[in-house]
Amino acid sequence: MKKLSFLLLAVFGLLVSCNNKTEVQNNVLTTNDTTEYLDCTTPVCTILLQPYDKTAEKYAKDVSKTLKERIESMDYICVQQVKVLPIKQLPDTLLNQAKTRYRATKILDFQKQSHYKGHHVIIGVTSSDISTSIHGYQDYGIQGLAYMGQENCVVSTYRLKNKKDLWKPMVHEFFHAFMHMPHCPADDPTCIMQDGHGKPNWTKRTKICNKCLGYDAQ
Ligand SMILES: [Zn+2]
Ligand SMILES: [Zn+2]
């Protein structure tokens, strides 16, 4: 019984830590907003946006609210905070051999060294072109890359036609990085997790499909 009450307290403790409107009084959980309380029983995360230039900083600031709302609406994740960090300069050593694009994996390794303790996911943002070895090419220009499940990803606005769509590659990489989510098994063109197949078309991608969320599409 003692063990059980300790367990209950631990659960309450967890709930309190993700919602400052929730209080424990005499072991009774009270909350001002039941909906918020329910949202916070799901995975909680905080996101750091790391801009690498002035243009990227502007985009990062503009997208932060939308990013939080979209992630929360798609997978019941409670995003506590999206914080935009001060601009950092990407060193030239992260460029490809021709010095025309930054290697995305080198940016991810660079971010791994950053101190993002206390935050869950880092998303690098650059307006420069980034590349990786994919689709049979050694240096293929891409819009984003993540280390699966390692809470580390990067997006580039360089190849993004409609900059208002920036939240989409961000959410895509975020799900790879934080939720360990692979590409859409249904290859659904309306699903945010669809593989870009080298030329991602973000226009139609506005939701996450049931298959990706682990439900069978009916
Ligand atoms: Zn899907
Ligand atoms: Zn992907």
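Refer to the structure printed above.
Quick caveat: nothing in here was measured; it's all calculated off a predicted structure. (Residues numbered from 1 in each chain as written. Chains lettered and ligands numbered in written order. Predicted model: local features only at pLDDT ≥ 70, side-chain atom pairs only at ≥ 80, totals over all residues. Heavy atoms only, no water.)

### A word on the sheet that holds strand 9 (residues 144–147)
Then comes step 1: Ordered in space as 4-3-6-10-9, the 5 strands form an open sheet in which the pairing is mixed. For this open sheet the edge positions go to strand 4 (78–84) and strand 9, each flanked by a neighbour on one side alone. Sheet twist, expressed as the average angle between the axes of neighbouring strands with direction ignored, equals 15 degrees.
Then comes step 2: Examined bridge by bridge, strand 3 (residues 44–51) and strand 6 (residues 121–126) share 5 bridges and lie parallel to one another. Paired with L49 across the strands is I123, a residue of strand 6.
Then comes step 3: Sheet strands touched by helix 3 (residues 54–75): strand 3, strand 4 and strand 6. Its angle to strand 4, the strand with the most contacts, is close to 180 degrees.
Then comes step 4: Along the sheet, helix 4 (residues 104–112) makes contact with strand 6, strand 9 and strand 10 (152–156), crossing strand 10 at roughly 135 degrees. (Pairing = 2+ DSSP bridges. Helix = DSSP H or I, 4+ residues; strand = E, 2+ residues; numbered from the N terminus. Axes fitted to C-alpha atoms, helices over the stretch in contact; angles between N-to-C directions. Contact = heavy atoms within 4.5 Å.)

### Details of the packing of aromatic side chains
Then comes step 1: This structure, assessed with the given rule, holds 4 aromatic pairs.
Then comes step 2: Seen from their ring centres, Y52 and F110 are 6.3 Å apart, and the 50 degrees between their planes marks the pair as tilted. Taken as a pair, Y52 in the loop between strand 3 and helix 3 and F110 in helix 4 lie far apart in primary sequence, 58 residues in all.
Then comes step 3: Using a relative accessible area of 18% as the deciding quantity, one classes F110 as buried.
Then comes step 4: One aromatic cluster in this structure is built from F174, F175 and F178.
Then comes step 5: Over the ring of W167 we find R70; its NZ or CZ atom is 4.1 Å from the centre of that ring. (Phe/Tyr/Trp six-rings, centres within 6.5 Å; stacked < 30°, edge-to-face > 60°. Buried < 20%, exposed > 50% of the residue type's maximum accessible area, 1.4 Å probe, protein only. Lys NZ or Arg CZ within 6 Å of the ring centre and 35° of its normal.)

### What about the pairing of strand 6?
Then comes step 1: Of all 6 residues that make up strand 6, 6 are buried, and the element is covered over most of its length.
Then comes step 2: Judged by which residues are buried, strand 6 turns out to be covered on both faces: V121, I123 and V125 on one side and I122, G124 and T126 on the other are all buried.
Then comes step 3: Judged from the 5 bridges that link them, strand 6 and strand 10 form a sheet pairing that is parallel. Counterpart to I122 in the pairing with strand 10 is N152.

### A look at helix 5 (residues 167–179)
What sets the pattern is the α-helix's 3.6 residues per turn: residues three or four places apart point alike.
Then comes step 1: With 13 residues, helix 5 should cover 18 Å at 1.5 Å per step; its first-to-last C-alpha distance of 17 Å lies within 8% of that length.
Then comes step 2: Most of helix 5 sits out of view: 12 of its 13 residues are buried.
Then comes step 3: Among all positions of helix 5, only W167, K168, P169, M170, V171, H172, E173, F174, F175, H176, A177 and F178 are buried.
Then comes step 4: The inward-facing, buried residues of helix 5 abut strand 3, helix 3, strand 6, strand 9 and strand 10.
Then comes step 5: Two residues or fewer past helix 5, H180 is found with a positive phi of approximately 60 degrees. (Expected span 1.5 Å × (residues − 1).)

### Digging into the coordination of the zinc ion (ligand 1)
Then comes step 1: Distances from the zinc ion (ligand 1) to its protein donors, namely C184 (SG), C191 (SG), C209 (SG) and C212 (SG), fall within the range 2.3 to 2.4 Å.
Then comes step 2: Seen from the zinc ion (ligand 1), its 4 donor atoms lie at angles of 102 to 115 degrees, and the figure they make is tetrahedral.
Then comes step 3: Mapping the donors of the zinc ion (ligand 1) onto the primary sequence yields the spacing C-x6-C-x17-C-x2-C.
Then comes step 4: The buried category is assigned to C184, whose relative accessible area is 7%.
Then comes step 5: Judged by relative accessible area, which is 0%, C191 ranks as buried. (Donors = N, O, S within 2.8 Å, 3.2 Å for Na, K, Ca; no water. Tetrahedral: all angles 85-135°; square planar, octahedral: opposite > 155°, others 65-115°.)

### Let's talk about the coordination of the zinc ion (ligand 2)
Then comes step 1: Within the protein, the atoms that donate to the zinc ion (ligand 2) are H172 (NE2), H176 (NE2) and H183 (NE2), at distances of 2.0 to 2.2 Å.
Then comes step 2: Sequence spacing of the donors to the zinc ion (ligand 2): H-x3-H-x6-H. Taken together, the residues H172 and H176, both in helix 5 and 4 residues apart, mark about one turn of the helix.
Then comes step 3: Its relative accessible area of 5% is what places H172 among the buried residues.

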